[in-house]
Amino acid sequence: MPHTPSPPPSPVPSPSLPAAPPSSPASRAAVVAALRAAGCVFAEDEAELILAVAPTPDAAASMVERRAAGLPLELVVGWAGFLGRRIAVEPGVFVPRRRTEFLVEQALAQAPGAAVVVDLCCGSGAVGAALAAGLGEVELHAADIDPVAVRCARRNVADLGGQVHTGDLFEALPGGLRGRIDVLAANVPYVPTGEIGLLPAEARDHEPRVALDGGADGLDVLRRVAAGAPGWLAPGGCLLAETSRRQAPAAVAAFTGAGLRTRLAVSEERCAHVVIGVGP
């Protein structure tokens with residue numbers, strides 16, 4: 001689930017921005033310079049975004065300071081773009097990755113008439129919100145073990161009529177969903193425990209470990225989801241989970257071993273690998 005953002009920024013003094021309107025060239029140049037000095041590769045783009053959302057020069061200065069200190073840009077501005085939606089995010093919540101849009105696209109293609117959708121390990125609820133928006137009228141449920149993520153997800157699915165539950169995987173779901181789920185999207189943590197320290201600082205230092213750590217080989221949670229999914233899927237319902245290129249063969253084997261008809265979908269452009277399993 002990790003992403004590969006700009007290189008970790010180097011500490012810099014708090015930026016001092018001029019008291020000019022945020023849209024002024026002088027102010028923009030100062031923001032770009034401060035971000036570039038902090039090591040932000042896309043300093044110009046980030047400056048435009050910060051200045052677009054900051055209500056005052058003081059607010060812009062505060063946002064630039066937090067970004068220069070290494071806070072992910074999405075947490076600085078309070079939202080992440082995901083399939084055309086603004087997904088609210090907050091400190092302590094996993095930031096949705098653009099490559100995970102591929103999982104949503106595969107789900108929509110696999111089950112365009114889905115009526116019951118579950119976003120397991122939902123984090124911010126981005127996947128569930130995007131699926132509900134793409135499918136139209138659906139019964140949407142999301143679940144996460146982290147109360148902070150559950151609170152954030154509720155903000156993102158409220159306008160879609162979604163319900164968000166707290167708990168460990170299927171234990172969080174209402175029993176009435178058994179045998180009824182058409183799309184079960186599970187963007188599980190899949191970073192091997194021993195590789196957490198190798199993640200970019202933005203993920204390693206600012207995102208919850210529970211959203212990253214997938215156990216010794218990174219597939220502990222995926223195996224649990226695959227094993228439990230058949231009892232929850234509707235006839236012909238599908239389970240989708242993101243994984244890495246290296247882990248894909250073992251992930252496919254876990255789905256197949258659970259009795260699912262399995263295939264692997266790959267987007268080389270987005271470095272995205274999604275395992276899709278269809279129930280009987």
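Scroll up a little and you will see the structure.
Calculation criteria
- All residue numbers refer to positions counted from 1 along the written sequence of the respective chain.
- Reporting in this predicted model follows two pLDDT cut-offs: at least 70 for local features of residues, and 80 or more for side-chain atom pairs to be given and counted; totals over whole chains, interfaces and linings ignore these cut-offs and use all residues.
- With hydrogens and water excluded, all non-hydrogen atoms of the structure serve as input to the side-chain values.
- Put simply, buried Ala, Val, Leu, Ile, Met, Phe, Trp, Tyr and Cys residues joined by side-chain atoms within 4.5 Å make one nonpolar core.
- The rule is simple: take the accessible area with a 1.4 Å probe, protein chains only, and divide by the maximum for that residue type; under 20% is buried, over 50% is exposed, in between is partly exposed.
- Numbering of helices and strands starts at the N terminus; helices are DSSP runs of H or I of at least 4 residues and strands are runs of E of at least 2.
- Residues count as neighbours in contact if any of their non-hydrogen atoms are within 4.5 Å of one another.
- Strands qualify as paired when DSSP identifies two bridges or more between them.
- Convention adopted: a line fitted to C-alpha atoms gives each axis, helices being fitted over their contacting stretch, and angles between N-to-C directions are expressed from 0 to 180 degrees.

Phe82, Val117, Val127, Leu131, Val164, Val183 and Leu240 are the most contacted members of the largest nonpolar core, which totals 33 residues. The element that contributes the greatest number of residues to this core is helix 6 (residues 126-135), accounting for seven residues. Those residues in contact with Val117 that lie beyond four places of it in its chain are Leu131, Leu135, Val138, Glu139, Leu140, His141 and Val183. One finds Leu173, Leu177, Val225 and Ala229 within the second-largest nonpolar core, a separate group that totals 29 residues.

Spatial strand order, 5-4-3-6-7-9-8: seven strands in an open sheet with mixed pairing. Because the sheet does not close on itself, it has two edges, and the strands there are strand 5 (163-166) and strand 8 (261-267). Put simply, the sheet's adjacent strands are angled 20 degrees from each other on average, direction ignored. Contacting strand 4 (139-144) and strand 5, helix 7 (residues 147-157) crosses the sheet at an angle of about 175 degrees to strand 5. On top of the sheet, helix 9 (residues 220-228) reaches strand 3 (116-120), strand 6 (181-186) and strand 7 (233-243); it is set at about 175 degrees to strand 7, its chief contact.

The residue Arg85 is located in strand 2 (residues 85-88) in this model. When the C-alpha atoms of Arg85 and Gln110 are compared, they prove to be 21 Å apart, with 25 residues separating the residues in sequence. When residues no more than four places from it in sequence are discounted, the contact partners of Arg85 are Ala80, Ala129, Ala130, Ala133, Asn156, Asp159 and Leu160.

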